[in-house]
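# Analysis of the macromolecular model
Now for the letters of each chain:
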Amino acid sequence: MIRADRLFVGIRELATVAGPPGPRAGPAAADLGRVEDAALAVADGKIAWVGPRRRARTEVRVARGASPVELGEVCVLPGFVDAHTHVLFAGHRAAELPLKLAGRSYGDIAAAGGGLFSTVRATRAATDVTLRRAALARLRGMLRGGTTSAEVKSGYALTVAGELRLLRLVPGLARASGLRLVPTFLGAHAVPPEFEGRADAYIDLLIESALPIIAKERLARFCDVFCEPGFFTVAQSGRLLRAALALGLGAKIHADEFVATGGARLAATLHARSADHLLDAPRDDYAALAAAGVVAVLLPITPFASLAAAASPGRALVDAGVPVALGTDLSPNAWTESMGIVLSHAVYDARLTPAEALVAATANAAEASGIGDVAGQLAPGRPADFLTFATTSLEEIPYRVGAVPAEIYRQGKADFSR
Ligand code: ZN
């Protein structure tokens, strides 16, 4: 008999998304671990038991006086993991939207000193209090949409001290929001104006002055780089990521978003944790990503918000055996806090099946973020972070564009109960 504090019932379908460690590819990429007419037992904020309701009577003993909690014929799945965010920034770029509508690209706008560089100016000028308040509001928005864990990148300071300042805000934001946050160092988001034409010197600075402090103080789990023409070359990206790997950080890369530069191939060579965007990655490189176990992080809101013709190549990546994960890419360029919206675009634009999209937003996003052992699955011993949706099937969640959870439970307790 398993002892529990609370037993949740009234679950039409529950996705455990449980499985062995490592990212899911092939048939496992669509395996939700579905339990129909399910029950979920929680003890000390962790999952004690999960299975069909009829078995709970004989397998679970609930604390004296506690009656089962009726969830109301909902579908249940693990809290979403947002595998790619730039949540640490000041200001917004709403004024850019008309420029985008007039046909200007992200690269054009950045080259003219706008875009990313206007956010860099605003972020450098912002106080810690302002930055913390702005990021916390976004994190709370993410939580309302069902995100309980997220990767968070630096990258809008582009100085050593400024990037370290951003990373040092992350633990306090995690405490204040209750989200599990995974910090990533993205000092190489762009070449700062002070280093114009001297990208190699800037990479040297990051390697010599930033990475050792980040590794020593454990300020980030991963190092990321924006590998695109006008930003950093494959050689510069490789140099930075190799230095990070040597210090024990994981590697991530913004790869082949605008054009194919060899970013995906570099990710495979380095056995990076993830290669993100991949809109223009050559199909020939998919096999290398699959063989190296690199997770392809799909960010389908980015081409949508960039008014790009291309869609995230989700279907082709899954068919090639590459594990895929999902993220918002929350940034001033592609501002969504909602993994529900991302799930729908993953299906309607990137052509994942609803089941594949749900695995990509949970178990595989946790793997892409280095937290596969604690997030993305509902299995005994793991934190009881789960969502309820007022739908009749799990597949109905991505089908409903931008679906919002009915309730969000963290460590077995409800937030925002309705
Ligand atoms: Zn990004």
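Further up the page is the structure itself.
First, a word on scope: everything that follows refers to the structure included in this document. (Residues numbered from 1 in each chain as written. Predicted model: local features only at pLDDT ≥ 70, side-chain atom pairs only at ≥ 80, totals over all residues. Heavy atoms only, no water.)

### Quick word on the coordination of the zinc ion
Put simply, the rule reads: For Na, K and Ca the donor cutoff is 3.2 Å, while for all other metals N, O and S atoms must lie within 2.8 Å; water is not among the atoms, so some sites may look incomplete. The rule is simple: four donors are tetrahedral if all their angles sit between 85 and 135 degrees, four are square planar and six octahedral if opposite donors span more than 155 degrees and the others lie between 65 and 115, and anything that fits none of that is irregular. The helix and strand labels rest on DSSP assignments: H or I over at least four residues marks a helix, E over at least two residues marks a strand, and numbering proceeds from the N terminus. Only protein chains enter the area calculation, which uses a 1.4 Å probe; residues under 20% of their type maximum are buried, those over 50% are exposed, and those in between are partly exposed.
Looking at the zinc ion, one finds its protein donor set to be H84 (NE2), H86 (NE2), H254 (NE2) and D329 (OD), positioned 2.0 to 2.6 Å from the metal centre. Here the zinc ion is ringed by four donor atoms whose angles at the metal span 80 to 165°, and the overall shape comes out irregular. Read N to C, the donor residues that coordinate the zinc ion are spaced as H-x1-H-x167-H-x74-D. Placement of the pair is H86 in the loop between β7 (80–82) and α2 (97–101) and H254 in strand β11 (residues 250–255), with a sequence separation of 168 residues. Exposure remark for H254: the relative accessible area of 1% places this residue in the buried category.

### With respect to helix α9 (residues 263–270)
Stated formally: When checking whether two residues touch, look at their non-hydrogen atoms; a contact exists if any pair is within 4.5 Å.
For α9, a buried count of six out of eight residues is recorded, marking the element as mostly surrounded by other parts of the structure. G263, A264, L266, A267, A268 and L270 are the residues of α9 that are buried. Contact partners of the buried residues in α9: β10 (222–227), α8 (234–246), β11, β12 (274–277) and α10 (286–292). Positive backbone phi, at 50°, marks H271, one or two positions downstream of α9.

### Observations concerning the pattern of salt bridges
Note the threshold: The term salt bridge refers to a pairing of a side-chain nitrogen on Lys or Arg with a carboxyl oxygen on Asp or Glu at a separation within 4 Å.
Counting across every chain of the model gives 17 salt bridges. Note that E59 is salt-bridged to R55, the shortest N-O span being 2.9 Å. Here the residue E59 and the residue R55 both occupy positions in helix α1 (residues 53–59), the gap between them amounting to four residues, near one helical turn. Overall, R55 belongs to the partly exposed group, its relative accessible area being 35%. Salt-bridge contacts for D319 lead to R315; the nearest nitrogen and oxygen are separated by 3.0 Å. Here R315 and D319 lie together in helix α12 (residues 314–319), a separation of four residues that amounts to about one turn. Within this structure, E13, R34 and E395 form a network of salt bridges that share partners.

### A closer look at helix α6 (residues 160–177)
Let me state the cut-off plainly: For a helix, the expected span equals 1.5 Å multiplied by the residue count minus one.
Taking 1.5 Å per residue as the helical rise, α6 with its 18 residues ought to reach 26 Å, and the 26 Å between its terminal C-alpha atoms agrees with that figure. Buried within α6 we find V160, G162, E163, L164, L166, L167, L169, V170, L173, A174 and S177. Summarising the contacts, the buried residues of α6 are in contact with α4 (116–125), α5 (128–144), β8 (147–153), β9 (180–188), α7 (199–216) and β16 (407–410). Directly beyond the C-terminal end of α6, a positive phi value near 80° is found at G178.

### Quick look at the pairing of strand β4 (residues 46–52)
Inclusion rule: For two strands to count as paired, DSSP must find a minimum of two bridges between them.
Within β4, six of the seven residues are buried, leaving the element largely enclosed by the surrounding structure. The pairing of strand β3 (residues 34–43) with β4 spans six bridges and is classified as antiparallel. Looking at β4, one finds that A41 is bridged to W49. Taking the residues that link successive antiparallel strands as the turn, the β3-β4 hairpin has two residues, and the phi of D44 there is positive, at about 55°.

### Describing the nonpolar core
Put simply, the test is: Among buried residues, those of type Ala, Val, Leu, Ile, Met, Phe, Trp, Tyr and Cys that are joined through side-chain atoms within 4.5 Å constitute a nonpolar core.
By size, the foremost hydrophobic cluster in this structure holds 109 residues, and its most contacted members are L289 and L326. Counting residues per element, this core draws most heavily on α6, at eight residues. Here L289 is in contact with A264, A267, A268, A275, L278, V294, L317 and V322, once residues within four sequence places are set aside. Membership of the second largest hydrophobic core comes to 17 residues, among which are V35, V74, A384 and F386.

### What about a nonpolar patch on the surface?
What counts here: A patch is a set of surface residues, each over 30% in relative accessible area and not in a salt bridge, joined within 9 Å for like charges and within 5 Å for the nonpolar side chains Val, Leu, Ile, Met, Phe, Trp and Tyr. For the area figures, the Shrake-Rupley method with a 1.4 Å probe applies, and any residue is considered shielded solely by the protein chains shown.
A surface patch of nonpolar side chains, amounting to about 300 Å² of accessible area, comprises L97, L101 and L307. You can call L101 exposed: its relative accessible area is 62%.

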